[in-house]
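Coordinates in review
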Amino acid sequence: MDAPDSTAQTPDDVYTHGHHESVVQAHAARTAENSAAFLVPHLNPGLAVLDVGCGPGSITCDFARLVDPGTVLGLDRSEDIVAQARALAEERGVTNASFAAGNVYDLDLEDESFDVVHAHQVLQHLTDPVAALREMRRVAKPGGIVAVRDADFHGMSWYPELPELDEWMDLYQRIARHNGAEPDAGRRLVSWMQEAGFTDVAPTSSNWLYATPQQRAWQARVWSERVLHSAFAEQSLEYGFAERADLDRIAAGWHRWGSSADGWFLIPNGEIIARA
């Protein structure tokens, strides 16, 4: 849901999700089809693509298949995550994708180098998303695409309306904002794009929905583990926003939701295709 692919950030930026196994596994389930469908029609063979905040590389590898014989470069802040992305590309036999550690605020790349610059669930974790967009625009070719997609946490809805999930949302908002980030990023993408100097901006939106038994079980497991074990848990305790008993109660609430035969969880995402 989140997040998050893992984001490329400055040392001062704090990644709310962190890189616990539960987070990375969730990010690895993302594909171009379920997380970047708004961009796929613009990906043609021969293009050069930059995937900022690529995480474990699942979307990046899909892009590589779509633009072959073009190339894709995936960047992430975490060297460990970059290593996992390389391993995935090798496992899939993807030869036109490369990966490196990078900083979205200071890309070590030439001006006007890429036909497409993409960032999925990245801007919501940054203290200065507009600066990141300006840097992404710098490395895009004239007329090229800068494509971003971010969730909107306060736009999420669920049923049954369990108090533990209300508590989870409040806690997530407090942690993210303490980190100087904007969890309701989806609704702000047009504004951020305009502030970054883009004038040709095409907004869309799409949802992730968890409403089948399998989907509910997956979402409940992912978030209960994050609540108990990820950077989300560590930060909630460190910042004094929750105690261990609170996290146990919220995690149990996720399992209650996941076992509801009529459970529903909707995550809206804002999307932008902008021309450099």
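Residues numbered from 1 in each chain as written. Predicted model: local features only at pLDDT ≥ 70, side-chain atom pairs only at ≥ 80, totals over all residues. Heavy atoms only, no water.

Another aspect to go through is the packing of helix α6 (residues 163–178) against helix α9 (residues 231–238). With their axes 10 Å apart at the nearest point, α6 and α9 run at an angle of 75° to one another. Of the possible angle classes, the one that applies to α6 and α9 is roughly perpendicular. Taken together, the residues of α9 that come into contact with α6 (itself represented by W168, L171, Y172 and I175) are F232, Q235 and S236. Classifying every residue of the contact of α6 with α9 gives five nonpolar, two polar and no charged. (Axes fitted to C-alpha atoms, helices over the stretch in contact; angles between N-to-C directions. Helix = DSSP H or I, 4+ residues; strand = E, 2+ residues; numbered from the N terminus. Parallel < 35°, antiparallel > 145°, perpendicular 65-115°, else oblique. Contact = heavy atoms within 4.5 Å. Nonpolar A, V, L, I, M, F, W, Y, C, P; charged D, E, K, R; others polar.)

Further remarks concern the nonpolar core. In summary, soluble globular proteins display a tendency toward joint burial of nonpolar side chains. Core analysis: the biggest nonpolar cluster contains 30 residues, and L50, V117, L133 and V148 have the highest contact counts within it. Of all the secondary structure elements, the ones that give two or more residues to this core are β1 (48–52), β2 (71–76), β4 (114–120), α5 (129–138), β5 (140–151), α7 (189–195) and β8 (264–275). Looking at which element gives the most residues to this core, the answer is α5, with four residues. In contact with L133, not counting residues within four places along its chain, are L123, V146, V148, W192, M193, A196 and F198. Judged by nonpolar contacts, the second largest core, of 29 residues, contains M156, W168, A176 and F265. (Core = buried A, V, L, I, M, F, W, Y, C linked by side-chain atoms within 4.5 Å. Buried < 20%, exposed > 50% of the residue type's maximum accessible area, 1.4 Å probe, protein only.)

Now for the side chain of R216. Within the element layout of this structure, R216 appears in helix α8 (residues 213–229). Of the buried charged residues, R216 lacks a salt bridge, with D262 as the closest side chain of opposite charge at 6.9 Å. There is a polar contact of 2.9 Å between the side chain of R216 and the backbone oxygen of S260. (Lys, Arg positive; Asp, Glu negative; His and termini not counted. Salt bridge = Lys/Arg side-chain N within 4 Å of Asp/Glu carboxyl O. Polar contact = N/O pair within 3.5 Å; in protein donor to acceptor, adjacent residues only side chain to side chain.)

Opposite charge on two side chains permits them to pair, given that their charged atoms come into close proximity. Applying the stated criterion across every chain, the model contains 13 salt bridges. The salt bridge partner of R138 is D111, with a shortest N-O separation of 2.5 Å. Of this pair, R138 sits in helix α5 while D111 is found in the loop between β3 (97–101) and β4, placing the two residues 27 residues apart along the sequence. What you see here is one network of salt bridges that share partners, running through R177, E182, D184 and R188.

Our focus in this paragraph is helix α10 (residues 244–258). Its 15 residues place the ends of α10 21 Å apart at the C-alpha level, agreeing with the 21 Å of an ideal helix rising 1.5 Å per residue. Considered for burial, the residues of α10 that qualify are D246, L247, I250, A251, G253, W254, W257 and G258. Burial along α10 is one-sided: seen end-on, the buried residues are contained in an arc of 150°. Contacts from the buried residues of α10 go to β6 (157–159), α6, β7 (200–210), α8, α9 and β8. (Expected span 1.5 Å × (residues − 1). Arc of directions from axis to C-beta.)

We now examine the confidence of the model for the protein chain. Taken residue by residue, the protein chain gives an average pLDDT of 93. The fraction at 70 or more is 95%. Every residue in residues 1–11 scores below 50 in pLDDT, and together they form 77 contacts with partners more than four places removed in sequence or on other chains. (pLDDT = per-residue confidence, 0-100.)

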